[in-house]
Amino acid sequence: MTTDTPAYSPGLEGVPIAESALSLVEGQVGRLTYRGYSIEDLTGPQGTFEEIVALIYDGELPKPARILEMKRHLEAERGLTPGQIEFARSAAKLTHPMFALQAAVAILGPMDNDFERKVSTVTERGLSLTAKVGHLVGVIAQAVAGRPYEGPRPGESHAHMMLRMITGKEPSDLHTRVMDALLILQADHSAGNASTFTSRVVTSTKAEPESVVASAIGALSGPAHGGANEHSLRLFMEIGDPAGAEPKIQRLLEDKYKIPGFGHRVYHVKDPRSKVIQTLAAEVIKGETPEADHYQIALMVEKVATARLGDRGLFPNVDLFSGCVFEAIGIPIDIFTPVFAASRTAGWTANIREQWDSGNRIFRPAQIYVGAPVREYVPIDKR
Ligand SMILES: CC(C)(COP(=O)(O)OP(=O)(O)OC[C@H]1O[C@@H](n2cnc3c(N)ncnc32)[C@H](O)[C@@H]1OP(=O)(O)O)[C@@H](O)C(=O)NCCC(=O)NCCS
């Protein structure tokens, strides 16, 4: 008997894992769209995270009244209990903020574990998580910085709340707009990226949405995925000077090290998000500042690495320049990936809903067994 086993594709390259109407990544032309609208348009001067959450969830560009409604909804949902705040603050003293966030999101889950019976609440739960994860990132950043808890203010937008809580300062309008743009840019990136795929897989076990998002945060933390933004800025700090970029990149490539912020499974041209981030960089990176120095090094890394890797289709991805912009608006380096997580929670949770809407068959792919054949057990005294 013959079986039609599909060819093994390491990393599931090219294997569709879901149908999604949320976002489209077009790797050859370098385009990212949410519900058909380009990220360049969505990150324009009027773009807000609330607008994009409404777009992703509703499928259409929201009218002003709907944006206001979404703003009020997220505001109403972002509250945390004193116990949740204390837990997040304690976790932030024990581990990297990303792991603290993962733990703090997991404990947002309910006392029961029977989401299938409550699946009609999937939109409500997803929006509540989107609101709460941003707040939690602020809580964790405050604890890491040794500041007391100071929560969201009435009427404050999601971006303003996050930036104020993270930095401990009143953000300017420019910085709030840049924060909105960063949250918009990272909100979704097709169902196939590692963390969103994780959210699909965990959803397929009928897990509670909080558990799904905690799992996705774990996937995002890795340096091959969201953690690359922190790693690229650390690399620039280590390089220290634009003239140091060439020898350092040369050495790293000789050692077969992957340059953080470079390369992508789908994009074989420059990541469109990194182009938007560079326009933001031009607005906020000014004067003789550490971020200006780091940005000059980033540009040199781009030049040197593109000369060596460009002909193989490897170009800057979202994480090469994002760290410099995060730094310019006052976000500490170990909070970069948690901010990414807060943004991507919108996409993860919308994918949870799509996964349920699509029938939610459990993911159970096959393996190719390469181990020992079936053999006789040997009792301990005979080995
Ligand atoms: C994003 C990433 C995980 C994609 O991985 P992938 O699709 O599995 O690609 P591969 O790792 O198979 O890479 C293909 C080839 O390009 C090389 N390559 C890929 N990214 C590279 C990088 N950043 N620096 C140097 N070489 C790289 C690989 O070494 C490999 O070379 P080989 O064929 O000689 O073995 C990978 O490019 C990477 O690790 N980049 C750095 C981390 C990063 O920025 N992540 C954020 C992504 S948004």
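Residues numbered from 1 in each chain as written. Predicted model: local features only at pLDDT ≥ 70, side-chain atom pairs only at ≥ 80, totals over all residues. Heavy atoms only, no water.

Undergrad: Would you mind going over the pattern of salt bridges in detail, with residue names and values included?
TA: Taken as a whole, this structure holds 21 salt bridges when the rule is applied. In this structure, the salt-bridge partner of Arg-200 is Glu-354, at a minimum N-O distance of 2.7 Å. With Arg-200 in helix α9 (residues 194-203) and Glu-354 in helix α16 (residues 336-357), the pair connects residues that are 154 residues apart, well separated along the chain. Three or more residues are tied together by salt bridges with common partners; here these are Asp-112, Lys-118, Arg-125, Glu-208 and Glu-210. (Salt bridge = Lys/Arg side-chain N within 4 Å of Asp/Glu carboxyl O. Helix = DSSP H or I, 4+ residues; strand = E, 2+ residues; numbered from the N terminus.)

Undergrad: Which residues make up the environment of His-73, and what values go with them?
TA: Checked against the element boundaries, His-73 lands in helix α3 (residues 64-77). Classification of His-73 as partly exposed rests on a relative accessible area of 30%. For the pair formed by His-73 and Asp-112, sequence separation is 39 residues and the distance between their alpha carbons is 25 Å. (Buried < 20%, exposed > 50% of the residue type's maximum accessible area, 1.4 Å probe, protein only.)

Undergrad: I'd like to hear about the pairing of strand β2 (residues 31-34), residue by residue, with values.
TA: Within a regular beta strand, the side chains point alternately toward one face of the sheet and then the other, so they alternate between its two faces. Sheet topology note: the strand β1 (residues 23-26)/β2 ladder contains 4 bridges and is antiparallel. Along β2, the bridge assignment pairs Leu-24 with Thr-33. Here β1 hands over to β2 after 4 residues, with Gly-30 in that stretch at a positive phi of 70°. Across 2 bridges, β2 lies against strand β3 (residues 37-38) in antiparallel orientation. Residue Thr-33 lies in a different strand from β3, and its bridge partner there is Ser-38. (Pairing = 2+ DSSP bridges.)

Undergrad: Talk me through the domain arrangement of the protein; I want residue IDs and the actual numbers.
TA: For the protein, the assigned domains read domain 1 (23-223 + 332-357) and domain 2 (228-328). Using C-alpha coordinates to define each centre, domain 1 is positioned 25 Å away from domain 2. Counting residues at the interface gives 30 residues for domain 1, matched by 27 residues for domain 2. Carbon and sulfur atoms make up 68% of the area that domain 1 and domain 2 hide from each other, which totals about 2400 Å². Summed over the shared surface of domain 1 and domain 2, the result is 1 salt bridge. The tally of links between domain 1 and domain 2 comes to 5 residue pairs in polar contact (both at pLDDT 80 or more). Sorting the residues of the side of domain 1 that touches domain 2 by element identifies β1, β2, α1 (39-42), α8 (173-185) and α16 as the ones contributing at least two each. Here the residues of the side of domain 1 that touches domain 2 sort into 14 nonpolar, 10 polar and 6 charged. (Domains from an automatic or database assignment. Contact = heavy atoms within 4.5 Å. Buried area = accessible area lost by both parts, 1.4 Å probe. Polar contact = N/O pair within 3.5 Å; in protein donor to acceptor, adjacent residues only side chain to side chain. Nonpolar A, V, L, I, M, F, W, Y, C, P; charged D, E, K, R; others polar.)

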